Amino acid sequence: MDYRTEAPDIIKGFLTYHETIKGHSRKTVDEYYLDLRNFFRFLKIQRGIVPRNTELEDISISDIDLDFVRSVTVTEAYEYLSFMTRDKIKNQRSREAEYGTKASTRARKVSTLRSFYKYLTVKAKLIDTNPLQDLDVPKIPHTLPRYLTLPEAQALLSSVDGKNKERDYCILCIFLNCGLRISEIVGLNLSDIRVDHIRVFGKGSKERIIYINDACAEAINNYLEVRKNIAAIDKNALFLSNRRTRMSREAVHSMVKISLKKAGLDADKYSAHKLRHTAATLMLQNGVDVRTLQELLGHDNLNTTQIYTHVDNSELRLASEANPLSSFKPES
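Residues numbered from 1 in each chain as written. Predicted model: local features only at pLDDT ≥ 70, side-chain atom pairs only at ≥ 80, totals over all residues. Heavy atoms only, no water.

*Asks:* Just to check I follow, could you spell out the overall build of the protein for this structure?
*Replies:* When helices and strands are tallied, the protein shows 15 helices and four strands. A fraction of 56% describes how many contacts in the protein between residues 6 or more apart in sequence connect residues 24 or more apart. Only carbon and sulfur atoms are counted for the fraction: they give 49% of the accessible area of the protein, which is about 18900 Å². (Helix = DSSP H or I, 4+ residues; strand = E, 2+ residues; numbered from the N terminus. Contact = heavy atoms within 4.5 Å. Areas by Shrake-Rupley, 256 points an atom, 1.4 Å probe, with all protein chains shown as cover.)

Have a look at this one:
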(Lines give C-alpha, C1' and ligand atoms only; values in the text may rest on other atoms or scores of the structure.)
Protein backbone atom coordinates (compact mmCIF):
# COMPACT_ATOMS: atom_id res chain seq x y z
CA MET A 1 0.00 0.00 0.00
CA ASP A 2 1.33 3.43 -0.95
CA TYR A 3 -0.87 6.45 -0.28
CA ARG A 4 1.23 8.48 -2.74
CA THR A 5 -0.31 6.52 -5.61
CA GLU A 6 -3.64 5.45 -4.08
CA ALA A 7 -4.93 8.49 -2.20
CA PRO A 8 -6.86 11.30 -3.91
CA ASP A 9 -5.12 14.67 -3.82
CA ILE A 10 -7.33 16.08 -1.07
CA ILE A 11 -6.20 13.31 1.29
CA LYS A 12 -2.65 13.03 -0.05
CA GLY A 13 -1.88 16.59 1.03
CA PHE A 14 -2.93 15.82 4.60
CA LEU A 15 -0.83 12.65 4.74
CA THR A 16 2.22 14.34 3.26
CA TYR A 17 1.90 17.13 5.84
CA HIS A 18 1.97 14.63 8.70
CA GLU A 19 4.89 12.68 7.28
CA THR A 20 7.11 15.60 6.26
CA ILE A 21 6.16 18.40 8.67
CA LYS A 22 4.82 16.64 11.76
CA GLY A 23 7.45 13.92 11.47
CA HIS A 24 5.03 11.04 12.00
CA SER A 25 6.21 7.55 11.09
CA ARG A 26 5.17 5.88 7.86
CA LYS A 27 3.16 3.36 9.88
CA THR A 28 1.19 6.16 11.57
CA VAL A 29 0.55 7.91 8.26
CA ASP A 30 -0.62 4.64 6.73
CA GLU A 31 -3.07 4.22 9.63
CA TYR A 32 -4.42 7.72 8.92
CA TYR A 33 -4.95 6.77 5.29
CA LEU A 34 -6.75 3.53 6.17
CA ASP A 35 -9.04 5.41 8.59
CA LEU A 36 -9.94 8.06 6.01
CA ARG A 37 -10.34 5.54 3.22
CA ASN A 38 -12.76 3.47 5.29
CA PHE A 39 -14.77 6.56 6.25
CA PHE A 40 -15.23 7.78 2.68
CA ARG A 41 -16.00 4.27 1.45
CA PHE A 42 -18.79 4.12 4.04
CA LEU A 43 -20.13 7.50 2.93
CA LYS A 44 -20.30 6.37 -0.71
CA ILE A 45 -22.52 3.47 0.40
CA GLN A 46 -24.55 5.66 2.76
CA ARG A 47 -25.21 8.27 0.07
CA GLY A 48 -26.17 5.68 -2.54
CA ILE A 49 -23.21 6.44 -4.77
CA VAL A 50 -22.45 2.71 -4.90
CA PRO A 51 -24.87 -0.20 -4.32
CA ARG A 52 -25.58 -0.81 -0.63
CA ASN A 53 -24.39 -4.41 -0.78
CA THR A 54 -20.93 -3.42 -2.07
CA GLU A 55 -18.03 -4.65 0.07
CA LEU A 56 -16.02 -1.78 1.58
CA GLU A 57 -12.71 -3.04 0.20
CA ASP A 58 -14.15 -2.98 -3.33
CA ILE A 59 -14.95 0.74 -3.22
CA SER A 60 -12.53 3.22 -4.76
CA ILE A 61 -12.14 6.69 -3.24
CA SER A 62 -10.08 8.09 -6.11
CA ASP A 63 -12.97 10.41 -7.01
CA ILE A 64 -13.19 12.00 -3.54
CA ASP A 65 -12.68 15.73 -4.05
CA LEU A 66 -12.96 18.98 -2.10
CA ASP A 67 -16.71 19.32 -2.70
CA PHE A 68 -17.34 15.82 -1.34
CA VAL A 69 -15.14 16.43 1.71
CA ARG A 70 -16.75 19.81 2.38
CA SER A 71 -20.24 18.30 2.30
CA VAL A 72 -19.64 15.83 5.15
CA THR A 73 -21.81 16.37 8.23
CA VAL A 74 -21.29 15.48 11.87
CA THR A 75 -24.40 13.30 11.64
CA GLU A 76 -22.72 11.18 8.95
CA ALA A 77 -19.67 10.86 11.17
CA TYR A 78 -21.80 9.53 14.02
CA GLU A 79 -23.53 7.14 11.61
CA TYR A 80 -20.09 5.85 10.68
CA LEU A 81 -19.19 5.30 14.34
CA SER A 82 -22.49 3.48 14.81
CA PHE A 83 -21.69 1.30 11.81
CA MET A 84 -18.32 0.39 13.30
CA THR A 85 -19.95 -0.45 16.62
CA ARG A 86 -22.49 -2.96 15.31
CA ASP A 87 -21.68 -4.00 11.74
CA LYS A 88 -19.45 -6.71 10.36
CA ILE A 89 -16.20 -5.29 9.09
CA LYS A 90 -12.94 -6.80 7.92
CA ASN A 91 -9.82 -6.52 10.04
CA GLN A 92 -7.11 -4.88 7.93
CA ARG A 93 -4.35 -7.02 9.47
CA SER A 94 -5.93 -10.45 9.87
CA ARG A 95 -8.36 -10.08 6.93
CA GLU A 96 -10.92 -11.90 9.05
CA ALA A 97 -14.49 -10.70 9.49
CA GLU A 98 -15.32 -9.41 12.94
CA TYR A 99 -18.23 -7.61 14.51
CA GLY A 100 -17.74 -4.15 15.85
CA THR A 101 -14.61 -2.33 16.91
CA LYS A 102 -13.27 -1.44 20.33
CA ALA A 103 -13.94 2.01 21.75
CA SER A 104 -10.22 2.75 21.64
CA THR A 105 -10.16 1.98 17.91
CA ARG A 106 -13.19 4.19 17.26
CA ALA A 107 -11.57 6.95 19.31
CA ARG A 108 -8.47 6.77 17.13
CA LYS A 109 -10.59 7.02 13.98
CA VAL A 110 -12.38 10.07 15.39
CA SER A 111 -8.99 11.61 16.11
CA THR A 112 -7.98 11.01 12.49
CA LEU A 113 -11.16 12.64 11.15
CA ARG A 114 -10.81 15.65 13.44
CA SER A 115 -7.16 16.05 12.51
CA PHE A 116 -7.98 15.83 8.79
CA TYR A 117 -10.63 18.53 8.95
CA LYS A 118 -8.52 20.73 11.19
CA TYR A 119 -5.77 20.52 8.57
CA LEU A 120 -8.20 21.47 5.79
CA THR A 121 -9.52 24.41 7.81
CA VAL A 122 -6.48 25.78 9.65
CA LYS A 123 -3.39 24.70 7.71
CA ALA A 124 -4.45 24.27 4.08
CA LYS A 125 -7.35 26.74 4.40
CA LEU A 126 -9.31 24.82 1.78
CA ILE A 127 -12.60 25.03 3.65
CA ASP A 128 -13.97 27.87 5.77
CA THR A 129 -15.88 25.84 8.35
CA ASN A 130 -14.90 22.61 10.07
CA PRO A 131 -18.01 20.37 9.93
CA LEU A 132 -16.54 17.90 12.45
CA GLN A 133 -15.27 20.41 14.99
CA ASP A 134 -17.81 19.24 17.58
CA LEU A 135 -17.43 15.51 16.89
CA ASP A 136 -17.09 13.79 20.27
CA VAL A 137 -14.60 11.03 21.05
CA PRO A 138 -16.14 7.72 22.22
CA LYS A 139 -15.70 7.05 25.90
CA ILE A 140 -12.98 4.47 26.45
CA PRO A 141 -13.54 2.00 29.31
CA HIS A 142 -10.92 2.30 32.03
CA THR A 143 -8.99 -0.95 32.28
CA LEU A 144 -5.82 -1.72 34.20
CA PRO A 145 -2.82 -3.04 32.24
CA ARG A 146 -2.26 -6.79 32.38
CA TYR A 147 1.24 -7.87 33.38
CA LEU A 148 3.35 -10.82 34.45
CA THR A 149 4.29 -11.28 38.10
CA LEU A 150 7.99 -11.45 38.95
CA PRO A 151 7.99 -15.30 39.16
CA GLU A 152 6.13 -15.48 35.83
CA ALA A 153 8.64 -13.12 34.19
CA GLN A 154 11.49 -15.24 35.54
CA ALA A 155 9.80 -18.39 34.25
CA LEU A 156 9.46 -16.81 30.80
CA LEU A 157 13.16 -15.95 30.63
CA SER A 158 14.10 -19.42 31.88
CA SER A 159 12.01 -21.12 29.20
CA VAL A 160 13.94 -19.83 26.18
CA ASP A 161 15.71 -22.46 24.11
CA GLY A 162 16.20 -23.51 20.49
CA LYS A 163 18.55 -22.41 17.73
CA ASN A 164 17.75 -18.72 18.28
CA LYS A 165 18.12 -18.93 22.06
CA GLU A 166 20.55 -16.01 22.43
CA ARG A 167 18.49 -13.75 20.16
CA ASP A 168 15.13 -14.60 21.70
CA TYR A 169 16.44 -14.34 25.26
CA CYS A 170 17.96 -10.94 24.45
CA ILE A 171 14.67 -9.64 23.03
CA LEU A 172 12.67 -10.85 26.04
CA CYS A 173 15.29 -9.43 28.39
CA ILE A 174 15.03 -6.00 26.75
CA PHE A 175 11.23 -6.15 26.87
CA LEU A 176 11.16 -7.03 30.57
CA ASN A 177 14.05 -4.85 31.76
CA CYS A 178 13.70 -1.77 29.57
CA GLY A 179 9.99 -1.65 28.70
CA LEU A 180 10.52 -0.96 25.00
CA ARG A 181 7.71 -1.06 22.45
CA ILE A 182 7.84 -3.86 19.91
CA SER A 183 8.38 -1.31 17.11
CA GLU A 184 11.34 0.09 19.03
CA ILE A 185 12.90 -3.35 19.46
CA VAL A 186 12.61 -4.37 15.80
CA GLY A 187 13.94 -0.93 14.83
CA LEU A 188 17.16 -1.28 16.84
CA ASN A 189 20.39 -1.12 14.87
CA LEU A 190 23.85 -2.32 15.87
CA SER A 191 24.92 1.31 16.09
CA ASP A 192 22.27 1.95 18.76
CA ILE A 193 23.99 -0.35 21.26
CA ARG A 194 26.44 1.20 23.70
CA VAL A 195 28.31 -0.18 26.71
CA ASP A 196 25.75 0.97 29.27
CA HIS A 197 22.77 2.21 27.26
CA ILE A 198 20.61 1.80 24.15
CA ARG A 199 19.62 4.59 21.80
CA VAL A 200 15.91 4.19 21.04
CA PHE A 201 13.76 5.91 18.43
CA GLY A 202 10.17 5.92 19.68
CA LYS A 203 6.87 7.28 18.42
CA GLY A 204 7.22 10.32 16.21
CA SER A 205 10.93 9.49 15.73
CA LYS A 206 11.66 10.84 19.20
CA GLU A 207 15.03 9.70 20.45
CA ARG A 208 15.68 8.67 24.04
CA ILE A 209 18.43 6.91 25.96
CA ILE A 210 17.65 3.72 27.89
CA TYR A 211 20.30 2.63 30.38
CA ILE A 212 20.73 -1.13 30.63
CA ASN A 213 21.35 -3.22 33.73
CA ASP A 214 23.86 -6.07 34.06
CA ALA A 215 21.36 -8.75 33.01
CA CYS A 216 20.48 -6.85 29.84
CA ALA A 217 24.11 -6.07 29.02
CA GLU A 218 25.05 -9.74 29.36
CA ALA A 219 22.12 -10.84 27.18
CA ILE A 220 23.06 -8.30 24.48
CA ASN A 221 26.74 -9.28 24.53
CA ASN A 222 25.89 -12.98 24.29
CA TYR A 223 23.67 -12.33 21.29
CA LEU A 224 26.25 -10.07 19.62
CA GLU A 225 28.74 -12.95 19.75
CA VAL A 226 26.27 -15.00 17.71
CA ARG A 227 25.21 -12.06 15.53
CA LYS A 228 28.76 -11.33 14.30
CA ASN A 229 28.98 -14.77 12.68
CA ILE A 230 25.80 -14.28 10.63
CA ALA A 231 26.17 -13.05 7.04
CA ALA A 232 23.40 -10.52 7.49
CA ILE A 233 21.52 -9.20 4.49
CA ASP A 234 20.47 -6.21 6.60
CA LYS A 235 23.85 -5.32 8.07
CA ASN A 236 22.47 -2.56 10.27
CA ALA A 237 19.69 -4.49 11.99
CA LEU A 238 20.37 -5.74 15.50
CA PHE A 239 17.85 -8.58 15.50
CA LEU A 240 17.88 -10.84 12.46
CA SER A 241 15.34 -13.34 11.22
CA ASN A 242 16.25 -16.82 9.97
CA ARG A 243 16.43 -15.25 6.51
CA ARG A 244 19.14 -12.89 7.80
CA THR A 245 16.90 -9.83 7.35
CA ARG A 246 15.58 -7.52 10.07
CA MET A 247 13.05 -9.26 12.28
CA SER A 248 9.49 -8.11 11.70
CA ARG A 249 6.92 -7.21 14.32
CA GLU A 250 5.00 -10.35 13.40
CA ALA A 251 8.07 -12.54 13.96
CA VAL A 252 8.64 -11.03 17.41
CA HIS A 253 4.95 -11.44 18.29
CA SER A 254 5.14 -15.09 17.27
CA MET A 255 8.33 -15.69 19.25
CA VAL A 256 6.79 -14.14 22.37
CA LYS A 257 3.66 -16.30 22.08
CA ILE A 258 5.74 -19.47 21.66
CA SER A 259 7.92 -18.54 24.64
CA LEU A 260 4.87 -17.86 26.80
CA LYS A 261 3.50 -21.32 26.02
CA LYS A 262 6.85 -22.93 26.81
CA ALA A 263 6.81 -21.16 30.18
CA GLY A 264 3.35 -22.54 30.92
CA LEU A 265 1.75 -19.11 30.66
CA ASP A 266 -1.48 -18.18 28.88
CA ALA A 267 -0.43 -16.98 25.42
CA ASP A 268 -3.98 -15.71 24.77
CA LYS A 269 -3.87 -13.57 27.90
CA TYR A 270 -0.42 -12.06 27.39
CA SER A 271 1.41 -10.53 24.43
CA ALA A 272 4.57 -8.64 23.54
CA HIS A 273 2.96 -5.38 24.67
CA LYS A 274 2.11 -6.97 28.02
CA LEU A 275 5.84 -7.48 28.56
CA ARG A 276 6.24 -3.70 28.34
CA HIS A 277 3.47 -3.41 30.96
CA THR A 278 5.36 -5.94 33.07
CA ALA A 279 8.58 -3.92 32.98
CA ALA A 280 6.75 -0.72 33.93
CA THR A 281 4.84 -2.36 36.77
CA LEU A 282 7.84 -4.16 38.26
CA MET A 283 9.94 -0.98 38.20
CA LEU A 284 7.17 1.03 39.83
CA GLN A 285 6.68 -1.61 42.50
CA ASN A 286 10.39 -1.47 43.27
CA GLY A 287 10.72 2.25 43.86
CA VAL A 288 11.00 3.93 40.44
CA ASP A 289 9.04 7.18 40.56
CA VAL A 290 6.34 7.81 38.00
CA ARG A 291 8.08 10.73 36.24
CA THR A 292 11.25 8.70 35.71
CA LEU A 293 9.09 5.87 34.40
CA GLN A 294 7.38 8.29 32.02
CA GLU A 295 10.72 9.25 30.48
CA LEU A 296 11.88 5.65 30.33
CA LEU A 297 8.72 4.48 28.55
CA GLY A 298 8.71 7.45 26.17
CA HIS A 299 5.25 8.68 27.17
CA ASP A 300 4.38 12.24 26.16
CA ASN A 301 1.65 12.49 28.78
CA LEU A 302 2.13 11.68 32.46
CA ASN A 303 -1.47 10.45 32.61
CA THR A 304 -0.51 7.56 30.32
CA THR A 305 2.15 6.47 32.80
CA GLN A 306 0.04 6.94 35.90
CA ILE A 307 -2.22 4.02 34.99
CA TYR A 308 0.55 1.78 36.35
CA THR A 309 0.25 3.38 39.78
CA HIS A 310 -3.18 1.73 40.14
CA VAL A 311 -1.96 -1.79 39.44
CA ASP A 312 -0.31 -2.44 42.77
CA ASN A 313 -0.73 0.66 44.91
CA SER A 314 0.81 -0.11 48.30
CA GLU A 315 -0.67 3.05 49.81
CA LEU A 316 -4.18 1.83 48.98
CA ARG A 317 -3.36 -1.49 50.62
CA LEU A 318 -2.08 0.29 53.75
CA ALA A 319 -5.21 2.45 53.82
CA SER A 320 -7.37 -0.67 53.78
CA GLU A 321 -5.40 -2.22 56.60
CA ALA A 322 -5.59 1.03 58.60
CA ASN A 323 -9.38 0.85 58.71
CA PRO A 324 -10.34 0.17 62.38
CA LEU A 325 -12.62 -2.62 61.18
CA SER A 326 -9.74 -4.48 59.48
CA SER A 327 -9.21 -6.79 62.47
CA PHE A 328 -12.79 -6.97 63.71
CA LYS A 329 -14.29 -10.45 64.11
CA PRO A 330 -17.78 -10.99 65.50
CA GLU A 331 -17.99 -13.02 68.65
CA SER A 332 -18.97 -16.60 68.02
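Alright, that's what it looks like, and here's the rest.
*Asks:* It is not clear to me how the packing of aromatic side chains should be interpreted in this structure. Could you clarify?
*Replies:* Ring pairs (aromatic) are described by centroid distance and by the angle formed between their planes. All told, the structure shown has 13 aromatic pairs when counted by the stated rule. With 5.3 Å between their ring centres and 75° between their planes, phenylalanine 14 and phenylalanine 116 make a pair best called edge-to-face. Separated by 102 residues along the polypeptide, phenylalanine 14 in helix H2 (residues 9-20) and phenylalanine 116 in helix H6 (residues 103-123) bring together distant segments of the chain. The exposure class assigned to phenylalanine 116 is buried, which follows from its relative accessible area of 0%. Of the aromatic side chains, those joined through ring pairs into one cluster are Phe14, Tyr17, Tyr32, Phe39, Phe40, Phe42, Phe68, Tyr80, Phe83, Phe116, Tyr117 and Tyr119. When the ring centre of phenylalanine 68 is taken as origin, the NZ or CZ atom of arginine 47, which lies over that ring, is 4.5 Å away. (Phe/Tyr/Trp six-rings, centres within 6.5 Å; stacked < 30°, edge-to-face > 60°. Buried < 20%, exposed > 50% of the residue type's maximum accessible area, 1.4 Å probe, protein only. Lys NZ or Arg CZ within 6 Å of the ring centre and 35° of its normal.)

*Asks:* Just to check I follow, could you spell out unusual backbone geometry for this structure?
*Replies:* With the exception of glycine, the majority of residues adopt a negative phi angle, and the majority of peptide bonds are in the trans configuration. For lysine 125, which is not glycine, the phi dihedral falls at a positive 55°. By the secondary structure assignment, lysine 125 is in the loop between H6 and helix H7 (150-158). Even without being glycine, arginine 244 reaches a positive phi, approximately 70°. As for its position among the elements, arginine 244 is in the loop between helix H10 (214-227) and helix H11 (249-262). Classification of arginine 244 as partly exposed rests on a relative accessible area of 36%.

*Asks:* Sorry, what's going on with a positive patch on the surface here?
*Replies:* Judged by side-chain charge, Lys22, Lys118, Lys123 and Lys125 come together as a positively charged surface patch. Positionally, lysine 22 belongs in the loop between H2 and helix H3 (26-46). (Patch = residues over 30% accessible without salt bridge, like charges linked within 9 Å, V, L, I, M, F, W, Y side chains within 5 Å. Salt bridge = Lys/Arg side-chain N within 4 Å of Asp/Glu carboxyl O. Lys, Arg positive; Asp, Glu negative; His and termini not counted. Charge placed at Lys NZ, Arg CZ, Asp CG, Glu CD.)

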